[in-house]
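If you want the building blocks of each chain, they are given just below.
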Amino acid sequence: MTLLGREEASSGRRFSGGLGAVLATTLALWVFSLLRMPWTLLGWVALVPWLVVVDRARSSREALLLGAGLSVTFSAAVLGWFPGALQSYSGAPLWLCWLLMLLLAPVFQLQFPVTALARQLARRAVGNRAGWLPPMVSVLVYVGVEWLAPKPFADTLGQGFVYSERLRQFADVAGAPGLTLALLFVNECVFAMGRAFRTRGAPGALKPLVAAVALVVVMLGYGSFRLAQYVVERSTQTALVVGAVQANIINYEKLKAEHGTYEVVRMILDTHYALSDSLLREAPLDVLIWPETVYPTPFGVPKSEAGAELDAEISAYVAARNVPLIFGSYDVEGGKEFNAAMFLSPGDKEGEAPTRKVYRKSKLFPLTEWVPELIDSPGLREWLPWTGRWSPGSGPRTVLLKRRDGRILRVAPLICYDTLFPSYVADEATATADLLLTLSNDSWFGGTPGPRLHLTHAVFRSIETRRPQVRVTNSGVSALIDDTGEILTEIGDGQRGTAVMRVPWHTAGYFLARRWGNWLGPVALVMAVALLGGAVLGGRGERY
């Protein structure tokens with residue numbers, strides 16, 4: 001065989017080996033994402049095949065290709081439900097939605113190519129010295145880039161620990177990214193075990209094995225401690241009783257086109273009145289809650305006489321039932337429209353109008369809810385007619401609501417996408433907040449893993465802040481989550497239902513994630529840059 005032929009054969013083997021490793025890691029991560037024991041255990045070793053081929057990369061370009069390839073296959077396997085949801089929402093051809101997702105995958109899953117590149121650079125810098133540095137840089141870069149880079153769904157591998165009652169408690173230290181770091185560390189230890197076993201036998205593999213086991217044992221021990229603390233310190237104070245309504249009415253725009261706006265709003269309200277009255281007959285409620293944008297028109301600033309009548313009807317309902325109502329609507333000020341949560345409390349005296357307080361959604365989903373002024377234009381609106389026109393709210397706030405019994409409830413409100421941002425939620429959940437309250441509309445990805453992913457974010461926000469959470473959606477998944485992440489009550493995706501949610505009070509303290517939000521990401525990125533920069537500069541110094 002000629003030299004050229006041998007080189008072509010070697011390149012072919014490297015390509016097939018790299019592709020096989022990427023696909024093996026993708027398959028393991030997909031199985032891990034299903035959250036079904038015992039297959040979730042694959043998460044501890046899922047990245048090992050990919051790490052093997054990245055370590056064998058001969059150039060930065062090859063490392064980047066291996067990272068970009070994993071971004072694409074991971075997106076297709078784990079987030080493959082998104083193109084269908086986007087097609088349903090926007091009306092764009094399905095093939096175009098798939099193409100956009102795959103083309104943007106290396107941007108939205110940037111942690112894979114950047115980690116591969118950083119690992120390759122670190123290995124080149126240290127050679128056979130400081131063998132611990134490339135794995136350490138890889139773990140830190142991965143976590144740091146996930147914090148820095150745009151990810152529409154804020155997904156991270158550590159969210160897979162939501163299935164484990166004890167492991168997920170570690171999230172109050174460093175959130176879901178802290179659990180991602182732990183998973184990456186164990187993968188690195190398994191990889192190091194295999195390499196050490198091949199070169200030094202079983203004794204050489206013992207050290208990384210002990211490190212991996214020790215980390216998992218510490219996490220399990222911490223989780224057991226926090227769970228025991230929660231049980232011991234749970235308050236005996238009477239629980240807050242919440243009535244949640246999930247009417248499963250979706251496709252508002254289609255319904256409006258078929259029946260007219262007024263008729264659709266009339267049907268939505270009548271349905272919610274009926275379901276709410278059923279709840280009020282079932283139990284004496286402290287608060288009644290409807291989901292995001294359930295009233296799809298501005299409340300309190302009506303656009304028409306008919307809108308003013310409907311506003312008055314909702315206020316009259318609150319006054320007649322003598323129960324506070326929280327519901328999603330729109331708010332208008334200065335020519336700007338906001339996605340908002342309305343808080344209506346009955347007046348102190350009979351016949352007195354309910355008081356109104358408003359929370360405006362601050363974290364808006366790009367394009368579908370909000371277009372940055374820098375790129376907004378008539379041409380863009382014409383090309384993408386489904387783009388949103390809401391303005392972001394002013395930021396985190398706690399809303400005081402008078403309960404039915406007269407006591408004050410301190411609510412940290414969130415609307416849909418707000419829930420994906422740990423630091424934002426930490427700012428909302430001040431030391432005085434009693435409850436996280438999430439209103440959401442997940443119908444545009446109903447029937448996919450999307451609603452469960454959104455629920456997973458909600459679970460972690462409750463653990464990080466150590467606050468119970470009531471989550472009410474129009475089509476699922478509505479839930480009551482305690483401050484250990486346990487889902488106490490649930491109304492599933494695509495169901496119509498109501499629930500009386502008895503919220504447990506607590507006195508257990510919070511920890512670093514509540515104080516500092518998503519602190520691990522920036523810390524990890526700074527440490528990675530310092531380690532990698534020092535290694536590269538040190539390597540250059542030795543060559544001179």
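Residues numbered from 1 in each chain as written. Predicted model: local features only at pLDDT ≥ 70, side-chain atom pairs only at ≥ 80, totals over all residues. Heavy atoms only, no water.

Enquirer: Could you clarify how one ought to interpret the side chain of Ser138 in this entry?
Expert: Its place among the elements puts Ser138 in helix α7 (residues 133–148). A relative accessible area of 4% means that Ser138 is categorised as buried. Every residue in contact with Ser138, bar those within four places of it in the chain, is listed here: Thr115, Arg119 and Glu188. (Helix = DSSP H or I, 4+ residues; strand = E, 2+ residues; numbered from the N terminus. Buried < 20%, exposed > 50% of the residue type's maximum accessible area, 1.4 Å probe, protein only. Contact = heavy atoms within 4.5 Å.)

Enquirer: Looking at this model, I keep getting lost on the sheet that holds strand β9 (residues 469–473). Mind explaining?
Expert: Sheet strands line up and pair through hydrogen bonds in the backbone, either parallel or antiparallel. In space, the six strands of this open sheet follow the order β6-β7-β8-β9-β10-β11, with mixed pairing throughout. With one partner strand each, in any of the chains shown, β6 (399–402) and β11 (487–491) form the two edges of the open sheet. When the angles between neighbouring strand axes are averaged without regard to direction, this sheet yields 20°. With four bridges joining them, β6 and strand β7 (residues 408–415) adopt antiparallel strand pairing. Along β7, the bridge assignment pairs Leu400 with Arg410. Docked against the sheet, helix α15 (residues 450–465) engages β8 (435–440), β9, β10 (478–481) and β11, running at close to 160° with respect to β9. (Pairing = 2+ DSSP bridges. Axes fitted to C-alpha atoms, helices over the stretch in contact; angles between N-to-C directions.)

Enquirer: Explain the nonpolar core here, please?
Expert: As a rule of thumb, nonpolar side chains are buried together in soluble globular proteins. One finds Leu47, Trp50, Leu66, Phe112, Val137, Leu157 and Leu179 to be the most contacted residues of the largest nonpolar core, which totals 68 residues. Sorting elements by how many residues they give to this core places helix α8 (residues 171–200) first, with 11 residues. Contacts of Leu66, omitting those with residues within four sequence positions, involve Gly18, Val22, Trp50, Val53, Val54 and Ala57. (Core = buried A, V, L, I, M, F, W, Y, C linked by side-chain atoms within 4.5 Å.)

Enquirer: Quick question: what am I supposed to make of a nonpolar patch on the surface here?
Expert: Judged by side-chain polarity, Trp95, Leu99, Leu100, Leu103, Leu104 and Val107 come together as a nonpolar surface patch covering roughly 580 Å² of accessible area. Position of Leu104 relative to the elements: it lies in helix α5 (residues 94–108). (Patch = residues over 30% accessible without salt bridge, like charges linked within 9 Å, V, L, I, M, F, W, Y side chains within 5 Å. Areas by Shrake-Rupley, 256 points an atom, 1.4 Å probe, with all protein chains shown as cover. Salt bridge = Lys/Arg side-chain N within 4 Å of Asp/Glu carboxyl O.)

Enquirer: Can you help me understand the sheet that holds strand β1 (residues 240–246) in this one?
Expert: Strand order in this open sheet of six strands is β5-β4-β3-β2-β1-β12, and the pairing throughout is mixed. Of all the strands in the sheet, just β5 (355–360) and β12 (497–503) have a single pairing partner and so form its edges. Between one strand and the next, the sheet's axes are offset by a mean angle of 35°, whatever the strand orientation. Bridge count between β1 and strand β2 (residues 287–289): three bridges; the pairing is parallel. Paired with Ala244 across the bridge in β2 is Ile289. Sitting on the sheet, helix α11 (residues 261–282) touches β1, β2 and β12, and the angle it makes with β1 is about 150°. The sheet contacts of helix α12 (residues 305–321) involve β2, β3 (325–333) and β4 (336–345), and relative to β4 the element is tilted by about 25°.

Enquirer: Would you explain helix α4 (residues 82–90) in this entry?
Expert: Since the α-helix turns once every 3.6 residues, residues separated by three or four places project in the same direction. Residues of α4 that are buried include every one of Phe82, Pro83, Ala85, Leu86 and Ser90, and no others. Buried residues along α4 cover an arc of 160° about the axis, so they all sit on one side. Buried positions along α4 lie against α5. Backbone geometry just after α4 places Gly91 at a positive phi near 80°. (Arc of directions from axis to C-beta.)

Enquirer: How do you make sense of the pairing of β8 when you look at a structure like this?
Expert: For a regular strand, side chains alternate in direction, first toward one face of the sheet and then toward the other. Most of β8 sits out of view: six of its six residues are buried. Along β8, one buried face is formed by Leu435, Leu437 and Leu439 and the opposite face, lined by Leu436, Thr438 and Ser440, is buried too. By the bridge criterion, five bridges tie β7 to β8 in an arrangement that is parallel. The partner of Ile415 across the bridge, within β8, is Leu439. Two strands pair when backbone bridges link them, and β8 and β9 are joined in this way by five bridges, in the parallel orientation. Across the sheet, the residue bridging to Thr438 is Arg471, located in β9. Considered for its hand, the β-α-β crossover made up of β8, α15 and β9 is right-handed. (Right-handed = clockwise from strand over helix to strand, strands pointing away.)

Enquirer: Would you explain the pairing of β1 in this entry?
Expert: The buried fraction of β1 amounts to seven of the seven residues, a majority that puts the element mostly inside the structure. Every second residue of β1 is oriented toward a common face, with Leu240, Val242, Ala244 and Gln246 on one face and Val241, Gly243 and Val245 on the other, all of them buried. Taken together, the seven bridges between β1 and β12 define a ladder with antiparallel strand orientation. By the bridge assignment, Val241 is partnered in β12 with Arg502.

Enquirer: Help me understand the environment of Phe82 in this model?
Expert: Inspection of the secondary structure puts Phe82 in helix α4. Counting along the chain gives 368 residues from Phe82 to Gly450, while the straight-line C-alpha distance between them is 7.9 Å. In contact with Phe82, not counting residues within four places along its chain, are Met101, Phe153 and Trp444.

Enquirer: Help me understand unusual backbone geometry, please; the structure alone is not making it clear to me.
Expert: Comment: phi is negative for the bulk of residues other than glycine, and the bulk of peptide bonds are trans. A cis geometry characterises the amide bond from Met37 onward to Pro38, with omega recorded as 0°. Inspection of the secondary structure puts Pro38 in the loop between α1 (3–33) and α2 (48–55). Cis rather than trans, the peptide bond between Gly476 and Val477 has omega equal to 10°. Within the fold, Val477 resides in the loop between β9 and β10. One non-glycine residue, Asn248, lies in positive phi territory at about 60°. Relative to the helices and strands, Asn248 resides in the loop between β1 and α10 (252–259).

Enquirer: Which parts of the structure should I look at to understand the packing of aromatic side chains?
Expert: Any two aromatic rings considered together are summarised by their centre-to-centre distance and by the angle between their planes. With the rule as written, the count across this model stands at 25 aromatic pairs. Summarising the aromatic geometry, the rings of Trp44 and Phe161 are spaced 5.1 Å apart at their centres and angled 50° between planes, so their arrangement reads as tilted. Of this pair, Trp44 sits in the loop between α1 and α2 while Phe161 sits in the loop between α7 and α8, and the two are 117 residues apart along the sequence. Here Trp44 matches Phe161 in class, with each residue buried. For the ring pair Trp290 and Phe327, a centre distance of 6.1 Å and an interplane angle of 55° mean the geometry is tilted. (Phe/Tyr/Trp six-rings, centres within 6.5 Å; stacked < 30°, edge-to-face > 60°.)

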